[in-house]
Amino acid sequence: KINEIKSNINILDSQSTVQFGIGAQKNIASFSETILGQIKSKDSGFVGDIMTDLMLKVKDASVDSVEDDSFFKKIPFLGKFSNNTEKYLAKFQTVETQIEKIESELDKARMGLLKDIGVLDGLYNKNVEYFNDLQLYIKAGEEKLEEYRTVTLPKLRAEALASQDPMASQLVNDFENTVNRFDKKVYDLKLSKTLAIQTAPQIKLIQNNDKVLVDKIQTAILNTI
């Protein structure tokens with residue numbers, strides 16, 4: 001693949017030099033915007049709000065109010081105790097309905113997070129793919145630069161010196177400037193490669209946060225509720 005890329009490099013073609021590796025660079029740039037959008041659209045705070053609401057509802061449903069010492073004191077007054085129990089049961093049924101609604105919301109959030117985790121796996125793999133593409137272009141560019149500087153330029157300088165033609169020397173200078181511009185292009189690809197390296201842990205960080213939230217939600221559904 002590197003040899004194929006090298007064979008298509010024509011440093012004397014300005015368009016070819018400018019476009020070198022541009023596809024891989026665009027992929028990284030647009031991909032970074034996708035990751036940024038994923039971060040911006042991520043609002044894990046709503047899960048925390050639901051969990052807090054759940055804990056408050058569970059606390060409201062506490063049976064402590066009918067299990068303290070006064071419970072036993074109320075036994076002789078069955079009528080009064082019956083009224084208190086009915087009030088508690090009525091309250092509990094209301095809270096139970098609210099908790100069921102919270103459970104539904106939590107399960108919906110859990111499914112959304114699981115979907116995001118799968119999407120992030122795909123994004124991570126894409127990032128690796130783009131990184132590898134950049135590696136190929138960088139390697140091909142470096143090998144071509146080495147060829148220009150160790151073989152082509154010395155040969156052109158020697159020919160210009162032997163010809164004693166001022167125009168030949170100018171052509172050598174132009175070619176050398178073109179090589180330097182191509183070197184800058186390869187350097188730009190290396191910057192994009194650095195961006196790909198930085199993106200990988202960002203994806204994993206978002207994904208791990210989602211996994212933690214899923215664990216908390218599942219604990220709430222399976223244990224707390």
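The present account deals with the structure reproduced in this document. (Residues numbered from 1 in each chain as written. Predicted model: local features only at pLDDT ≥ 70, side-chain atom pairs only at ≥ 80, totals over all residues. Heavy atoms only, no water.)

Some words on the nonpolar core
Okay, so step 1: I11, F20, Y148, F175, V179, F182 and V186 are the most contacted members of the largest nonpolar core, which totals 27 residues.
Okay, so step 2: Looking at this core, the elements with two or more residues in it are α3 (22–41), α6 (78–163) and α7 (166–224).
Okay, so step 3: Residues V95, I99, A220 and I221 belong to the second largest nonpolar core, which totals 15 residues. (Core = buried A, V, L, I, M, F, W, Y, C linked by side-chain atoms within 4.5 Å. Buried < 20%, exposed > 50% of the residue type's maximum accessible area, 1.4 Å probe, protein only. Helix = DSSP H or I, 4+ residues; strand = E, 2+ residues; numbered from the N terminus.)

Description of the side chain of R110
Okay, so step 1: Tracing the chain through its elements places R110 in helix α6.
Okay, so step 2: Under the relative-accessibility criterion, R110 is labelled buried at 18%.
Okay, so step 3: If we skip the residues at most four places from it in the chain, R110 touches V214, I217 and Q218. (Contact = heavy atoms within 4.5 Å.)

Digging into the layout of surface pockets
Where empty space is left becomes clear once a probe the size of a water molecule has been rolled over the atoms.
Okay, so step 1: Roughly 150 Å³ of volume is contained in the largest pocket.
Okay, so step 2: For the largest pocket, the lining is made up of 13 residues, of which I5, N8, I9, F20 and Y137 are closest to its centre.
Okay, so step 3: Of the residues assigned to the lining of the largest pocket, the class counts are 6 nonpolar, 5 polar and 2 charged. (1 Å grid on protein atoms, 1.4 Å probe; cavity = no way out; pocket = protein on both sides within 12 Å on 5 of 7 lines; lining within 4 Å. Points joined across faces, edges and corners; volume = space filled by probe spheres on them. Nonpolar A, V, L, I, M, F, W, Y, C, P; charged D, E, K, R; others polar.)

Quick notes on the environment of Q25
Okay, so step 1: Mapped onto the elements of the fold, Q25 is located in helix α3.
Okay, so step 2: Separated by 168 residues in the primary sequence, Q25 and K193 place their C-alpha atoms 8.5 Å from one another.
Okay, so step 3: In contact with Q25, not counting residues within four places along its chain, are L134, K185, D188, L189 and S192.

Focus: the packing of aromatic side chains
Okay, so step 1: Overall, the coordinates contain 3 aromatic pairs when judged by the stated rule.
Okay, so step 2: Centre to centre, the rings of F20 and Y137 are 5.4 Å apart; their planes meet at 75 degrees, and the pair counts as edge-to-face. With a gap of 117 residues between them, F20 in the loop between α2 (14–19) and α3 and Y137 in helix α6 connect regions that are remote in the sequence.
Okay, so step 3: Look at F20 and you get buried, because its relative accessible area is 7%.
Okay, so step 4: Overall, Y137 belongs to the partly exposed group, its relative accessible area being 26%.
Okay, so step 5: Look at F20 and F182: their rings are 5.1 Å apart centre to centre, the planes differ by 55 degrees, and that puts the pair in the tilted class. Of this pair, F20 sits in the loop between α2 and α3 while F182 sits in helix α7, placing them 162 residues apart in sequence. F182 shares its class with F20; the two are buried.
Okay, so step 6: Aromatic rings pair up to connect F20, Y137 and F182 into one cluster.
Okay, so step 7: Over the face of the ring belonging to Y124 we find K204, whose NZ or CZ atom lies 4.5 Å from the ring centre. (Phe/Tyr/Trp six-rings, centres within 6.5 Å; stacked < 30°, edge-to-face > 60°. Lys NZ or Arg CZ within 6 Å of the ring centre and 35° of its normal.)

Interpretation in functional terms is not warranted from these geometric data alone.
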